[in-house]
Amino acid sequence: MKKAIIVGATSGIGRELASILIKNNFKVGITGRRLKLLEQLKSTSPDKYIVKSFDCTAASNTIKLRELTDELEGLDLLIMSSGRGHENRQLNFEEDNKTINLNVSAFTEIMNWSFNFFKNQGFGHITAISSVAGLRGTKFAPAYFASKAYQINYLESLRKMAIKNVYITDIRPGYVDTAMALGDNLFWVSSKEKAAKQIFNYIKKKKDIGYVSKKWQIIAFALKIVPNFIYKRV
Ligand SMILES: NC(=O)c1ccc[n+]([C@@H]2O[C@H](COP(=O)([O-])OP(=O)(O)OC[C@H]3O[C@@H](n4cnc5c(N)ncnc54)[C@H](OP(=O)(O)O)[C@@H]3O)[C@@H](O)[C@H]2O)c1
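What counts as what
- Residues numbered from 1 in each chain as written.
- Predicted model: local features only at pLDDT ≥ 70, side-chain atom pairs only at ≥ 80, totals over all residues.
- Near = placed C-beta within 6 Å.
- Helix = DSSP H or I, 4+ residues; strand = E, 2+ residues; numbered from the N terminus.
- Nonpolar A, V, L, I, M, F, W, Y, C, P; charged D, E, K, R; others polar.
- Buried ≥ 20, exposed ≤ 12 C-beta atoms within 10 Å, placed from the backbone.
- Pairing = 2+ DSSP bridges.
- Right-handed = clockwise from strand over helix to strand, strands pointing away.
- Expected span 1.5 Å × (residues − 1).
- Axes fitted to C-alpha atoms, helices over the stretch in contact; angles between N-to-C directions.
- Contact = placed C-beta atoms within 7 Å.

1. A closer look at the site of the ligand
Part 1: What surrounds the ligand is a group of 27 residues, the closest being Gly-12, Gly-32, Arg-33, Gly-83 and Thr-178.
Part 2: Taken together, the elements giving at least two residues each to the shell around the ligand come down to helix H1 (12-23) and strand S7 (175-176).
Part 3: Tallied by class, the residues present in the shell around the ligand amount to ten nonpolar, 13 polar and four charged.

2. Overview of the pairing of strand S5 (residues 124-129)
Part 1: When you tally the buried positions in S5, you get six out of six residues, the bulk of the element.
Part 2: Because side chains alternate across S5, one face comprises the buried residues Gly-124, Ile-126 and Ala-128, and the other comprises His-125, Thr-127 and Ile-129, equally buried.
Part 3: Judged from the four bridges that link them, strand S4 (residues 77-80) and S5 form a sheet pairing that is parallel. By the bridge assignment for S5, Leu-77 is matched with His-125.
Part 4: Tracing the backbone out of S4, into helix H4 (residues 93-121) and back to the parallel element S5 gives a crossover that is right-handed.
Part 5: Where S5 lies against strand S6 (residues 166-173), six bridges are found, and the strand directions are parallel. Within S6, the position partnered with Ala-128 by the bridge is Asp-170.
Part 6: A crossover connection joins S5 to the parallel S6 through helix H5 (residues 142-161); in handedness this β-α-β unit is right-handed.

3. Topic: H1
Structural remark: α-helix, 3.6 residues per turn; residues separated by three or four positions point the same way.
Part 1: With twelve residues, H1 should cover 16 Å at 1.5 Å per step; its first-to-last C-alpha distance of 17 Å lies within 8% of that length.
Part 2: With its phi angle positive at about 70°, Asn-25 sits one or two positions after the end of H1.

4. Digging into the sheet that holds S5
Part 1: Sheet architecture is open: seven strands sit in the order S3-S2-S1-S4-S5-S6-S9, paired in parallel fashion. Looking at the sheet topology across the chains shown, the edges are occupied by strand S3 (49-53) and strand S9 (209-212). Direction aside, the axes of adjacent strands within the sheet are offset by 15° on average.
Part 2: When strand S1 (residues 2-7) meets S4, the two strands line up parallel, connected through four bridges. Note that in S4 the partner of Ile-6 across the bridge is Ile-79.
Part 3: Of the strands in this sheet, strand S2 (26-32) and S3 touch helix H2 (residues 35-42), which is tilted by about 180° from S3.
Part 4: Sitting on the sheet, helix H3 (residues 61-72) touches S1, S2 and S3, and the angle it makes with S3 is about 165°.

Okay, structure coming up:
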């Protein structure tokens, strides 16, 4: 039986992925701050889940991951789904700082820990949920978009550093119907169920990058080629 940890399994994409992994015969360590939601999820398959509630921005984050790995008796896959982002047109630093603490600092700590763990054991798979938002800047949530650009580049760097049998998958959703779907004019919104199914397929295929839904690849391509003199007017 394969072992996985999902960081951020209390709600949204992480929670859906947890159910899919269980159906595919994984034993799954689930994390997040809301213990009650983790316990509810565990009650659906008590033998297959191990709960470890912690805040990713707390100093003990990687100690908790180590403990969870020991309780699972191994680790094949770590999925980083925890993230935060809010509109911040007023550029309130307190708000931005919370985003940076989770999406940049804690993200880096968790990526470093899991990469080193998998490198030492000689195999393993990291999957992190970044975003199409990481491809260009925006006027309504600058820190969130910048933090996702950081994640995309960080994951690409890890992929270049990876040894044989260590895989890095960067999942870039457009919009998924969770509390995190930011913006006023949402389009091409995927359900959580559909998003998680697609992500699991990308994981099985050990893809480097996966867009959710697939048609967001078109937007990603357009975002990359549109010249600055046009993009700055949008
Ligand atoms: N939904 C979208 O449209 C969309 C689009 C692109 C990318 N994404 C990315 O997808 C990922 C998952 O988001 P989602 O859409 O599934 O939203 P969500 O339902 O709000 O899930 C966010 C997860 O992050 C966890 N989290 C937040 N702060 C945390 C902290 N300090 N420590 C530990 N865990 C924390 C939450 O758990 P607790 O609150 O229980 O701690 C929750 O499990 C995020 O990285 C997000 O940026 C989402």
